[in-house]
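# Geometric and topological summary
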Amino acid sequence: MTVKVRFAPSPTGKLHVGNVRTALANWLYARAHNGRFVLRIDDTDLERSTAEYEGGIQTDLTWLGMSWDEKGNQSARFPIYQEAVERLKAQGRLYPAYETGEELERRRRLALAQHKPPIYDRAALRLSNAERKALEADGRRPHWRFKLDGKRVHWNDLVRGRSEVDTASMSDPVLIREDGAFLYTLPSVADDVDMAITHVIRGEDHVTNTGAQIEVFEALGAKPPQFAHMPLLVGADGEALSKRLGSLSIEQLREAGFEPMAVLSHLGKIGTSDALEIASDLDALAVTFDFGKMGRAPARYDSADLERLNAAALHAMPYAVAQPRLAERGADLGEAFWLAIRANLTLFDGVATWVRVISGPVDVIREDPDFLLEAARHLPEPLDASSWSAWTNAIKATTGRKGKALFLPLRQALTGLDHGPEMGPLLPLIGREAALARLEGRAG
Ligand code: GLU
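Thresholds, definitions, all that
Residues numbered from 1 in each chain as written. Predicted model: local features only at pLDDT ≥ 70, side-chain atom pairs only at ≥ 80, totals over all residues. Heavy atoms only, no water. Pairing = 2+ DSSP bridges. Helix = DSSP H or I, 4+ residues; strand = E, 2+ residues; numbered from the N terminus. Axes fitted to C-alpha atoms, helices over the stretch in contact; angles between N-to-C directions. Core = buried A, V, L, I, M, F, W, Y, C linked by side-chain atoms within 4.5 Å. Buried < 20%, exposed > 50% of the residue type's maximum accessible area, 1.4 Å probe, protein only. Contact = heavy atoms within 4.5 Å. Salt bridge = Lys/Arg side-chain N within 4 Å of Asp/Glu carboxyl O. Polar contact = N/O pair within 3.5 Å; in protein donor to acceptor, adjacent residues only side chain to side chain. Phe/Tyr/Trp six-rings, centres within 6.5 Å; stacked < 30°, edge-to-face > 60°. Lys NZ or Arg CZ within 6 Å of the ring centre and 35° of its normal. Near = heavy atom within 4 Å. Nonpolar A, V, L, I, M, F, W, Y, C, P; charged D, E, K, R; others polar. Parallel < 35°, antiparallel > 145°, perpendicular 65-115°, else oblique. Lys, Arg positive; Asp, Glu negative; His and termini not counted.

### Some words on the sheet that holds strand β5 (residues 143-146)
What the three strands build is an open sheet, ordered β4-β5-β8; its pairing is antiparallel. The open sheet terminates on both sides in strands that have one partner only, identified here as β4 (94-97) and β8 (174-176). Within the sheet, the average angular offset between the axes of one strand and its neighbour, ignoring direction, is 45°. Here β4 runs beside β5; their pairing, made up of four bridges, is antiparallel. Bridging from a neighbouring strand, Leu-94 pairs with Phe-146 of β5.

### Topic: the nonpolar core
Formed by 48 residues in total, the largest nonpolar core has its most connected members in Val-17, Met-66, Phe-291 and Tyr-301. With nine residues, the top contributor of residues to this core is helix α1 (residues 17-32). Setting aside chain neighbours within four positions, we find Tyr-301 in contact with Val-17, Leu-233, Val-234, Gly-235, Ala-236, Leu-241, Leu-248, Leu-253, His-266, Leu-267, Ile-270 and Leu-306. Core analysis: the next-biggest nonpolar cluster, separate from the first, contains 38 residues, Val-355, Leu-372, Trp-388 and Leu-410 among them.

### Details of the pattern of salt bridges
With the rule as written, the count across this model stands at 35 salt bridges. Put simply, Arg-36 and Glu-70 hold a salt bridge, and the shortest N to O gap is 3.5 Å. Highlighted residues: Arg-36 in strand β2 (residues 36-41) and Glu-70 in strand β3 (residues 70-73), separated in sequence by 34 residues. Residue classification places Arg-36 among the partly exposed residues on the basis of a relative accessible area of 34%. We classify Glu-70 as partly exposed; its relative accessible area is 26%.

### Notes on the side chain of Asp-192
Considering the arrangement of structural elements, one finds Asp-192 in helix α6 (residues 185-194). Residue classification places Asp-192 among the buried positions, given a relative accessible area of 3%. A distance of 3.1 Å separates polar atoms of two side chains, one belonging to Asp-192 and the other to Arg-40. Once you skip the residues sitting within four places of it in the chain, Asp-192 turns out to touch Arg-6, Arg-40, Ile-197, Val-200 and Phe-217.

### As for the packing of aromatic side chains
Both the distance between ring centres and the angle between the ring planes are used here to describe each pair of aromatic rings. One pass over the full model with this rule turns up nine aromatic pairs. Centre to centre, the rings of Phe-289 and Phe-291 are 5.1 Å apart; their planes meet at 75°, and the pair counts as edge-to-face. Looking at Phe-289, the relative accessible area reads 13%, which means it is buried. Grouping aromatic residues by their ring pairs yields a cluster made of Tyr-29, Phe-289 and Phe-291. Between Arg-401 and the ring centre of Phe-371, over which it is positioned, the NZ or CZ distance is 3.9 Å.

### Focus on helix α19 (residues 432-440)
Burial in α19 covers these residues: Ala-434, Ala-435, Leu-436, Ala-437, Arg-438 and Leu-439. Looking at the packing, one finds that the buried side of α19 touches α14 (351-359), α15 (369-377), α16 (387-399), α17 (403-415) and α18 (423-430). Once α19 ends, the next one or two residues include Gly-441, with phi positive near 80°.

### A word on the site of the ligand
In the vicinity of the ligand, the residues found are Arg-6, Ala-8, Ser-10, Asp-42, Tyr-184, Ser-188, Arg-202 and His-206. Measuring from a nitrogen atom of the ligand, one finds a side-chain N or O atom of Asp-42 at 2.7 Å. Looking at the shell around the ligand residue by residue, the classes come out as two nonpolar, three polar and three charged.

### Section: unusual backbone geometry
With the exception of glycine, the majority of residues adopt a negative phi angle, and the majority of peptide bonds are in the trans configuration. Following Gly-360, the chain continues into Pro-361 via a peptide bond in cis, with omega recorded as -10°. Tracing the backbone through its elements, the reader meets Pro-361 in the loop between α14 and α15. For the peptide bond that leads from Glu-381 to Pro-382, omega is -10°, which places it in the cis range. Mapping Pro-382 onto the fold places it in the loop between α15 and α16. The phi torsion at Arg-122 lies on the positive side, around 65°, for a residue other than glycine. For Arg-122, a relative accessible area of 26% translates into the label partly exposed. Located in the positive-phi region is Ala-196, a residue other than glycine, with phi close to 55°. Topologically, Ala-196 is positioned in the loop between α6 and β9 (199-203).

### Here we look at the pairing of β3
Relative to β3, β2 runs parallel, the two sharing four bridges. Bridged to Arg-40 within β3 is Gly-72.

### A closer look at the packing of helix α3 (residues 78-90) against α6
Two elements in contact, α3 and α6, have axes whose closest approach is 9 Å; the angle formed by their N-to-C orientations is 105°. Judged by the inter-axis angle, α3 sits roughly perpendicular to α6. Residue-level contacts link Ile-80, Tyr-81, Ala-84, Val-85 and Leu-88 of α3 to Leu-186, Pro-187, Ala-190, Asp-191 and Asp-194 of α6.

### Overview of helix α9 (residues 260-269)
Counting buried residues along α9, nine of its 10 residues qualify, which places the element largely inside the surrounding structure. Every buried residue of α9 is accounted for by Met-261, Ala-262, Val-263, Leu-264, Ser-265, His-266, Leu-267, Gly-268 and Lys-269. Looking at the buried side of α9, the elements it contacts are α1, α2 (51-64), α8 (250-255), α10 (282-288), β12 (299-301) and α11 (303-315).

### Side note on the side chain of Asp-157
Structurally, the position occupied by Asp-157 is in strand β6 (residues 152-157). At 4.9 Å, Arg-160 is the nearest oppositely charged side chain to Asp-157, a buried residue that forms no salt bridge. In terms of polar contacts, Asp-157 uses its side chain to reach the backbone amide nitrogen of Val-159, at 2.9 Å. Among all residues touching Asp-157, those that are not within four sequence positions of it are Ser-163, Phe-227, Ala-228 and His-229.

### Examining the packing of α16 against α18
Closest axis-to-axis distance for the α16/α18 pair is 8 Å, and the angle between their directions is 100°. Classified by the angle between their axes, α16 and α18 sit roughly perpendicular to one another. Residues Ser-387, Trp-388 and Trp-391 of α16 form the contact with α18, whose own contacting residues are Met-423, Gly-424 and Leu-427. Looking at the contact of α16 with α18 residue by residue, the class counts come to four nonpolar, two polar and no charged.

What follows is the structure, given as structure tokens:
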């Protein structure tokens, strides 16, 4: 059996970290099993779906390096759903119902008041042909409901283990609205059958759907795929992320300057027993990917962790990888520069600070000019990687200063900053002329 999975976003908004976590689990599972990854655009809602959002989804996945083997739009597959509709109708599993939203709401409240489960009472199934005709003559158009078996549906979930949904406790799901539009439930199953999807990997908010959808698979004469329902994301505070997801779009993370591998490493590891660390590439994540490592507890998305992983990605980035990006910013000061500063970056854009430190002019901090003038007298010539320790030893010998009292004023005078990369490699990059100027209080 060839593994085939699908990521099925609705193009009604931007991809956020929650969607991408699902996409990534699908992608990694396919990669780890030599399988295929389908991008299925769930655009049955023609009013809310836009080509712009669809384009954004593809841009985001491409930026993250998640390519797809196949792409399909539900809006182009209506004949497949129509065929499924006919099959369900022929079996008496799809029936017309005429209640308005208000009627349904009234009945729901009544059921709750009587301490009954607020599920649809199937009144439509008891309508006679004549009653149906009368309603239609009255201008009512039916929506169509799937008649559930009302049984316990079982499956072996790759994350949750043995799982069960009692479809007797659910309303018969509406598959087709009164305007003829397909709702999510049926097209998803019809596509999973038609595309021969072997594993449906999605968030645990779909567990109840799965109960109904397994019944739809069976009604269509298909073997249900395997399911994996992943726990939802929560923020660092443990609160559900759902309301904040709008501000956690992939586009925003990209524009903020995060590295794709940092985003992927975070989303690929949270909620698993693996340590949160930066992966070198998607293949490295695929090798360790295993639903068995995924717990039942919510996965914690923490932007502080993302920043830490981003810094780690930059610390390990070879010059050859950084070079084109440095050049693009006019910040390519050579390999020695990159190696000297990369450990101080959280975001790539931070290079600008260090370019300024090297190229000047620097707003130096000169709290003790006499000390700096003394230091300037000992500056070695020429400067190389070993100059810093020779220089500071010489200053120590003549001034008696050591530790912070020795190093901090030098760092402040040379860089204008209290913290930064090791001074050893930085000093020759700053160069003797600029160093002297800064120590002596001239522009440099
Ligand atoms: N379009 C659905 C969603 O975004 C797909 C769910 C599924 O994977 O079946 O929730």
